[in-house]
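# Examining the three-dimensional arrangement
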Amino acid sequence: MKMKILQLPNPVLREKSKKVDVVDDNIRSVLNDMLETMYDANGVGLAAPQVGLLQRIVVIDIAAKEEEKQPLKMVNPKIVWSSEEKECGSEGCLSIPNQFAPVERSVEVHVEFLDENGTAQKLEAKGFLAVAIQHELDHLDGIIFIDHLSQLRKKMLLKRHEKALKRMALEEE
Ligand code: NI
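This text gives an overview of the structure that appears in the document. (Residues numbered from 1 in each chain as written. Predicted model: local features only at pLDDT ≥ 70, side-chain atom pairs only at ≥ 80, totals over all residues. Heavy atoms only, no water.)

## Things to note about the overall build of the protein chain
The helix and strand inventory of the protein chain stands at three helices and seven strands. Reading the helices (α) and strands (β) of the protein chain from amino to carboxyl end gives α-β-β-β-β-β-β-β-α-α. Compactness check: the protein chain gives a C-alpha radius of gyration of 16 Å against a globular reference of 16 Å for 173 residues, within 12% of the reference. When its C-alpha atoms are laid out on the principal axes, the protein chain stretches across 45 × 40 × 35 Å. When the 173 residues of the protein chain are sorted by exposure, 42% land in the buried category. Excluding contacts between residues fewer than 6 apart, the proportion of contacts in the protein chain whose partners are at least 24 apart in sequence is 64%. Treating the 24 positive side-chain charges of the protein chain as one cloud and the 29 negative ones as another, the clouds have centres 7 Å apart. (Helix = DSSP H or I, 4+ residues; strand = E, 2+ residues; numbered from the N terminus. Rg over C-alpha atoms; globule rule 2.2 N^0.38 Å. Buried < 20%, exposed > 50% of the residue type's maximum accessible area, 1.4 Å probe, protein only. Contact = heavy atoms within 4.5 Å. Lys, Arg positive; Asp, Glu negative; His and termini not counted. Charge placed at Lys NZ, Arg CZ, Asp CG, Glu CD.)

## Section: the layout of surface pockets
Rolling a probe over the atoms, with the probe sized like a water molecule, indicates the empty space that remains. Estimates place the volume of the largest pocket at around 340 Å³. Val 44, Glu 91, Gly 92, Cys 93 and Phe 100 are the residues nearest the centre of the largest pocket, which is lined by 20 residues in total. Of all elements in the fold, only β4 (86-91) and α2 (127-139) reach the threshold of two or more residues within the lining of the largest pocket. At five residues, the largest contribution of residues to the lining of the largest pocket is made by α2. Its residues assigned to classes, the lining of the largest pocket shows nine nonpolar, nine polar and two charged. (1 Å grid on protein atoms, 1.4 Å probe; cavity = no way out; pocket = protein on both sides within 12 Å on 5 of 7 lines; lining within 4 Å. Points joined across faces, edges and corners; volume = space filled by probe spheres on them. Nonpolar A, V, L, I, M, F, W, Y, C, P; charged D, E, K, R; others polar.)

## Section: the state of the cysteines
The final tally for this structure, using the stated rule, is zero disulfides. Its sulfur unpaired, Cys 88 is 17 Å from the next cysteine sulfur, which belongs to Cys 93. For Cys 93, a relative accessible area of 8% translates into the label buried. (Disulfide = S-S within 2.5 Å.)

Structure, rendered in structure tokens:
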């Protein structure tokens, strides 16, 4: 079932998510709904707070459209190592759509998480996948990519987003 994606300035996006106790059918169904929602919005990642659930759950799929799907479902993900080497790449977010800016991230991270069966997994990620993981895990602590930008750039993106929201509201009238 498709879920509604919250956008800034919704305060839920700024809250810290809680750890999941047990990976049960309810969590599995949330994971599937989040993936469906993400694919529908043409996103490469989605974190539970973005659909109003303050739980440490993330889905990611960086496969290109024409490629086979590679869904990654993560419960209680934790970055246990990040490379000192960093790189700047353009990022966007479904919670502040159509706004993009370069963000500096570690080029490699190691992440531990529970899969949809509740089994502990460890993943060593590089490049775009590493970036997506860092971006999505930030969401679980109420951090949005614009928080990594200069105050000036952040204000500019928020202002543009506000204008877009107003425009959409007018179109709906
Ligand atoms: Ni995001």
